[in-house]
Amino acid sequence: TSHHGGYSHNAVVHALQKCGIRHIDTAKRYGCESLLQKAIKESDVKREDLWITTKLWHSDYGYENTKKACLESCERLGIEYLDLYLMHWPDAHVLGKSNREVRAETWRAMEELYEKGLCKSIGVSNFLISHLEQLKEDCVITPHVNQVEYHPFQRPQELVDYCKSRDIVFEGYCPLAKGEALTHPAIIQMAKKYGRTPAQICIRWSIQNGIVTIPKSTKAERIEENCKVFDFTIAEDDVGILNGMHDGRHVSWDPSLI
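Residues numbered from 1 in each chain as written. Predicted model: local features only at pLDDT ≥ 70, side-chain atom pairs only at ≥ 80, totals over all residues. Heavy atoms only, no water.

**Quick notes on the overall build of the chain**
In terms of regular secondary structure, the chain is built from 10 helices and 7 strands. For the chain, the spread of C-alpha atoms along the principal axes amounts to about 55 × 40 × 30 Å. The buried share of the chain, reckoned over its 258 residues, is 52%. The long-range share in the chain, meaning contacts at least 24 apart out of those at least 6 apart in sequence, stands at 74%. (Helix = DSSP H or I, 4+ residues; strand = E, 2+ residues; numbered from the N terminus. Buried < 20%, exposed > 50% of the residue type's maximum accessible area, 1.4 Å probe, protein only. Contact = heavy atoms within 4.5 Å.)

The following block contains the structure:
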């Protein structure tokens, strides 16, 4: 789910009831945690069968603020624990303190939340190698996950390899490049070749590259389409073509300046 019209109650219920989806990825910043509580209840899916991820926005960074924000997110979601809690962004925006200091202080609170079982896993989002290296020096627990923009035009392979070498699960968001990938001639051609849609090609490519892939949609039929990617394989040569489309563009935020 996301902000700016990125939430649909009916779509979430449909995803849970009809599509077998069990991972919900949201964030405080999206403003729909309490709406998700209603959708989860209506779906009748048991809490223990769900994997719920939410994110800590930088306005709540800092040791005490982080713990408070986590409890508030749980309350809005109507749950007693999070499966995964992520620091949303590497920039802390705190006067008089460096980003590194605030990230370390925040991460120490995240470690505590993990040790207490309030968060079953903890991680980061939009962190680059430099940010992860600092965290490694300043803290104890390695992030379990790094969630980063990933699509044919933004394939940060060095970061993927770094995360893999440290057992950090790499999750990719914006797999369709906010729709930009769906109109690319080579992707359209490949979709025809495999008898699939351009969206299915992008999602399947991401999965074949070993990425935990997080598409989103507010339309039930699109959610179904996004799920139908496990009954075909893209040939190695075609994966190579898609890999070669990387041009470094971001359709979301660019953390390289932080």
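**Topic: the pairing of strand β6 (residues 169-173)**
Burial analysis of β6 places 4 of its 5 residues in the buried class, which makes it a mostly covered element. Examined bridge by bridge, strand β5 (residues 145-149) and β6 share 5 bridges and lie parallel to one another. The residue of β6 that forms the bridge with Gln-147 is Glu-171. Regarding topology, helix α6 (residues 157-165) serves as the crossover connection from β5 to the parallel β6, and that connection is right-handed. When β6 meets strand β7 (residues 212-214), the two strands line up parallel, connected through 3 bridges. By the bridge assignment for β7, Glu-171 is matched with Val-212. (Pairing = 2+ DSSP bridges. Right-handed = clockwise from strand over helix to strand, strands pointing away.)

**Details of helix α8 (residues 198-208)**
Burial of α8 is extensive: 8 of the 11 residues sit out of reach of the surface. Every buried residue of α8 is accounted for by Ala-199, Gln-200, Ile-201, Cys-202, Ile-203, Arg-204, Trp-205 and Ser-206. Against α7 (185-194), β7, α9 (220-227) and α10 (236-243) lie the buried residues of α8. Of the residues one or two after α8, Gly-210 is the one with positive phi, at around 80°.

**As for helix α5 (residues 129-138)**
All of the buried residues along α5 are His-131, Leu-132 and Leu-135. Seen from one end, α5 has its buried residues packed into an arc of 95°, which puts them on one side. In this structure, the buried side of α5 is in contact with α4 (99-115), β4 (122-125), β5 and α6. (Arc of directions from axis to C-beta.)

**Description of the pattern of salt bridges**
Summed over all chains, the structure comprises 15 salt bridges. Of the charged contacts, one joins Asp-60 and Lys-28 as a salt bridge, the two residues approaching to 2.8 Å between their closest N and O atoms. Separated by 32 residues along the polypeptide, Asp-60 in the loop between β2 (51-56) and α3 (63-77) and Lys-28 in the loop between β1 (23-25) and α2 (33-43) bring together distant segments of the chain. A relative accessible area of 29% means that Lys-28 is categorised as partly exposed. Several salt bridges share partner residues, and in doing so they unite Lys-67, Glu-112 and Lys-116 into one network. (Salt bridge = Lys/Arg side-chain N within 4 Å of Asp/Glu carboxyl O.)

**Some details on the UniProt feature "domain: NADP-dependent oxidoreductase" (unreviewed entry) in the chain**
With numbering matched to this structure, UniProt assigns "domain: NADP-dependent oxidoreductase" (unreviewed entry) to residues 10-243. Note that residues 10-243 is 46% helix and 13% strand, and that its end C-alpha atoms are spaced 35 Å apart. (UniProt positions renumbered as here; feature names shortened; annotations may be inferred.)

**Describing the UniProt feature "site: Lowers pKa of active site Tyr" (unreviewed entry) in the chain**
Mapped onto this numbering, the UniProt entry gives "site: Lowers pKa of active site Tyr" (unreviewed entry) at Lys-55. With respect to the secondary-structure elements, Lys-55 resides in strand β2.

**Some thoughts on the environment of Ile-187**
Structurally, Ile-187 is set in helix α7. Since its relative accessible area comes to 0%, Ile-187 is described here as buried. For the pair formed by Ile-187 and Ala-199, sequence separation is 12 residues and the distance between their alpha carbons is 8.9 Å. Residues in contact with Ile-187, not counting those within four places in the same chain, are Pro-152, Ala-181, Pro-198, Ile-201, Cys-202, Leu-242 and Met-245.

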